[in-house]
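Spelled out, the chains give:
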Amino acid sequence: MRGVFSAGVLDAFLEANFHPFDLALGVSAGACNLASHLAGQHGRNKRCYLELMSRREFIDVRRAVRGGSIVDLDWLWDTLAAKEPLDVAAIARQKTEFVVVATSASTGDPVHLVPGEVDMFDALKGSCALPVLYRRAVRVNGSVVVDGGVSDPVPAEAAYLRGARRIVVIRSRPATFFKVDSLGDRITSLALFREPGVMRAVRKTAERYQRAVEFMSRPPSDCTIIQIAPEAPLATSRMTQDVSRLTSDYALGHELGRAAMKNWT
């Protein structure tokens with residue numbers, strides 16, 4: 001749900017027709033936000049968060065008791081397709097290379113997908129399939145994948161390895177945030193004992209996040225990294241559905257997106 005912040009940033013970019021990017025990498029909710037952005041569908045992400053993701057049909061802890069998923073990505077995908085379908089053809093026409101980051105369920109390693117019109121929806125769903133919270137398997141090109149944030153939460157280094165030398169990173173955490181191994185991560189990894197690849201990835205998530213922060217703090221001499229991030233923690237947490245908080249953090253993202261464009265040159 002913290003992705004509502006980047007939705008605000010990207011809408012500010014669209015309003016100004018600001019798109020100097022050759023490459024776009026998205027992780028989890030960020031990948032979905034980027035998809036709408038590249039399709040030119042202004043406000044689609046905002047409406048998704050405020051009108052759909054804030055509903056009990058999307059997040060409901062009680063479903064876990066019945067063996068279902070706490071986060072119902074299937075309901076969200078079907079509802080969005082009916083109400084406001086993603087313009088996949090417009091994304092395909094973009095000159096910007098779009099990379100969706102997921103995690104291999106078998107190895108726990110990052111998988112960088114370059115989806116086309118046929119596999120776009122599966123790639124986006126796989127990148128958002130948080131272990132434990134979403135229990136169904138998502139297959140992309142025959143392989144099961146889970147949430148990209150598990151293995152490559154901030155893919156700035158991946159962008160660099162693909163040739164990017166001026167990189168904008170939109171973060172839903174303050175630039176000073178440094179993830180540490182938590183009790184919640186350890187409990188989550190234990191719940192995944194039947195999926196050893198994902199379990200290993202979850203155990204390394206904090207370490208990989210720290211590596212990303214270090215890379216952004218001390219990038220190679222031929223690389224510039226610009227972070228768009230809130231100064232303080234967002235009002236929205238991972239599972240917040242309070243519309244007033246979501247609206248506030250969207251507005252903050254929009255404000256910081258406008259400020260980033262003014263400082264671009």
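Details of the structure are given in the entry above.
Figured I'd write up the structure that's included with this text. A quick note: this is a predicted structure, and the numbers were derived from the prediction, not measured.

Conventions and cut-offs
- Residues numbered from 1 in each chain as written.
- Predicted model: local features only at pLDDT ≥ 70, side-chain atom pairs only at ≥ 80, totals over all residues.
- Heavy atoms only, no water.
- Axes fitted to C-alpha atoms, helices over the stretch in contact; angles between N-to-C directions.
- Helix = DSSP H or I, 4+ residues; strand = E, 2+ residues; numbered from the N terminus.
- Parallel < 35°, antiparallel > 145°, perpendicular 65-115°, else oblique.
- Left-handed = near helix turned anticlockwise from the far one by under 90°.
- Contact = heavy atoms within 4.5 Å.
- Nonpolar A, V, L, I, M, F, W, Y, C, P; charged D, E, K, R; others polar.
- Polar contact = N/O pair within 3.5 Å; in protein donor to acceptor, adjacent residues only side chain to side chain.
- Buried < 20%, exposed > 50% of the residue type's maximum accessible area, 1.4 Å probe, protein only.

1. Things to note about the packing of helix α1 (residues 4–15) against helix α10 (residues 243–262)
Inference 1: Two numbers describe how α1 lies on α10: the axes approach to 6 Å, and their chain directions differ by 45°. One way to sum up the angle between α1 and α10 is to call them oblique. In the packing of α1 onto α10, the handedness of the crossing is right-handed. Residues V4, F5, A7, G8, V9, D11, A12, F13 and E15 of α1 lie in contact with α10, whose contacting residues are L246, D249, Y250, L252, G253, H254, L256, G257, R258 and M261.
Inference 2: Class assignment for the residues of the contact of α1 with α10 results in 11 nonpolar, four polar and four charged.

2. Digging into the side chain of S54
Inference 1: With respect to the helices and strands, S54 occurs in the loop between α3 (44–53) and α4 (73–83).
Inference 2: A distance of 2.7 Å separates the side chain of S54 from the backbone oxygen of L50, its partner in a polar contact.
Inference 3: Dropping the residues within four chain positions of it, S54 is found in contact with M1, Y49, Q241, V243 and L246.

3. Overview of the side chain of S36
Inference 1: Turning to its location among the elements, S36 is positioned in helix α2 (residues 29–38).
Inference 2: Among the residues examined, S36 registers a relative accessible area of 0% and is labelled buried.
Inference 3: Look past the residues within four positions of S36 in its chain and what remains in contact with it is Q41, R44, N45 and L86.

4. Re the environment of A31
Inference 1: The residue A31 is located in helix α2 in this model.
Inference 2: For A31, a relative accessible area of 0% puts it in the buried group.
Inference 3: Each C-alpha atom, one on A31 and one on K125, is 9.4 Å from the other, the two residues being 94 residues apart in sequence.

5. With respect to the packing of α2 against helix α6 (residues 120–128)
Inference 1: Direction vectors running N to C along α2 and α6 enclose 145°, while the axes themselves pass 7 Å from each other. Here α2 contributes A29, A31, C32 and A35 to the contact with α6, which in turn contributes L124, S127 and C128.
Inference 2: For the contact of α2 with α6, the residue count by class is six nonpolar, one polar and no charged.

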